[in-house]
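Here are the chains, one letter per residue:
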Amino acid sequence: MKTIDGIPHIIEDVSYYAHLGKPVADYAEKQQAGSGKFGWEINLAVSDEVFEKFQRAGFNVGLRPAGKNNYTEDNVITFYKYHLNYNGTENPAPIVVDVEKNRFEDMIGNGSKVAVQWSAMPYAKGKYKRPIVNAVQVLSLVETGGAATPFTEEEVAF
């Protein structure tokens, strides 16, 4: 099996807050007012062993230890990919497929089991290192809630 820094390049576990269709703001950098950085992300709850491998390999962006999230007690690794690269060129979106490797375009509900194929991205002259999402395979889907009841003009209160 291929590895990156001694870590399997495909990690399987439970996902939360997957944003793989439309780029979203990079919440890790939200403190930098107006940073304007957008990308795709998936948060993966991982075992202590996997989390420690990422820490030992020098990853210091996107890792949150157990107990630091309000949606799971597990360790979480955020796999992120910038929408634009350093020179403003658009990066391709992560590939998302189902169990049979057919393109998957639905929402991935919290608690879904996925496999994430990733790579490492050091930046700022090696000061930071984060895991990048390249592809996701949905292994067991948790359906998201249905859309809200349609709202009509007759129901507007003003």
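Keep in mind it's a predicted model, so treat the numbers as computed, not measured.

With that out of the way, let us pick up the overall build of the chain. Across its full length, the chain carries one helix and nine strands. Walking the chain from its N terminus toward its C terminus, one meets helices and strands in the order β-β-β-β-α-β-β-β-β-β. Every one of the 158 residues in the chain was classed for burial, and the buried ones make up 37%.

Enumeration over the complete set of coordinates arrives at nine aromatic pairs. Between F54 and F79, the aromatic rings sit 6.0 Å apart at their centres with planes inclined by 85°, giving edge-to-face as the arrangement. One end of the pair, F54, is in helix α1 (residues 48-56); the other, F79, is in strand β6 (residues 75-82), and 25 residues separate them in sequence. Using a relative accessible area of 0% as the deciding quantity, one classes F54 as buried. Look at F79 and you get buried, because its relative accessible area is 0%. A centroid spacing of 5.3 Å and a plane angle of 75° characterise the contact between Y80 and Y82, whose relative ring orientation is edge-to-face. Across this residue pair, the class does not change: Y80 and Y82 are buried.

Before going further, it helps to examine the pattern of salt bridges. Applying the stated criterion across every chain yields a total of two salt bridges. K129 serves as the salt-bridge partner of D5, at 2.6 Å between the closest nitrogen and oxygen. Of the two residues, D5 sits in the loop between β1 (3-4) and β2 (7-8) while K129 sits in strand β9 (residues 128-140), which places them 124 residues apart along the sequence. Taking the relative accessible area as the measure of exposure, K129 reaches 15% and is therefore buried. As a salt-bridge pair, K53 and E49 come within 3.7 Å of each other at their nearest N and O atoms. Highlighted residues: K53 and E49, both in helix α1, separated by four residues, approximately one helical turn. On the basis of relative accessible area, K53 is assigned to the partly exposed category, the value being 25%.

One rule of thumb: low pLDDT means the predicted coordinates there are not for detailed reading. Summing up the model confidence of the chain, the mean pLDDT is 88 and the portion of residues at 70 or higher is 87%. Low pLDDT (under 50) marks residues 31-35, which in the prediction has one contact with non-local residues, meaning those over four places away or in another chain.

V50, F51 and F54 are the residues of α1 that are buried. End-on, the buried residues of α1 take up no more than an arc of 100°, which puts them together on one face. Of the residues in α1, the exposed ones pointing more than 90 degrees away from the buried face are E49 and R56. Once α1 finishes, G58 follows within two positions and takes phi at roughly 90°, a positive value.

Reading the values: the criteria
- Residues numbered from 1 in each chain as written.
- Predicted model: local features only at pLDDT ≥ 70, side-chain atom pairs only at ≥ 80, totals over all residues.
- Heavy atoms only, no water.
- Helix = DSSP H or I, 4+ residues; strand = E, 2+ residues; numbered from the N terminus.
- Buried < 20%, exposed > 50% of the residue type's maximum accessible area, 1.4 Å probe, protein only.
- Phe/Tyr/Trp six-rings, centres within 6.5 Å; stacked < 30°, edge-to-face > 60°.
- Salt bridge = Lys/Arg side-chain N within 4 Å of Asp/Glu carboxyl O.
- pLDDT = per-residue confidence, 0-100.
- Contact = heavy atoms within 4.5 Å.
- Arc of directions from axis to C-beta.

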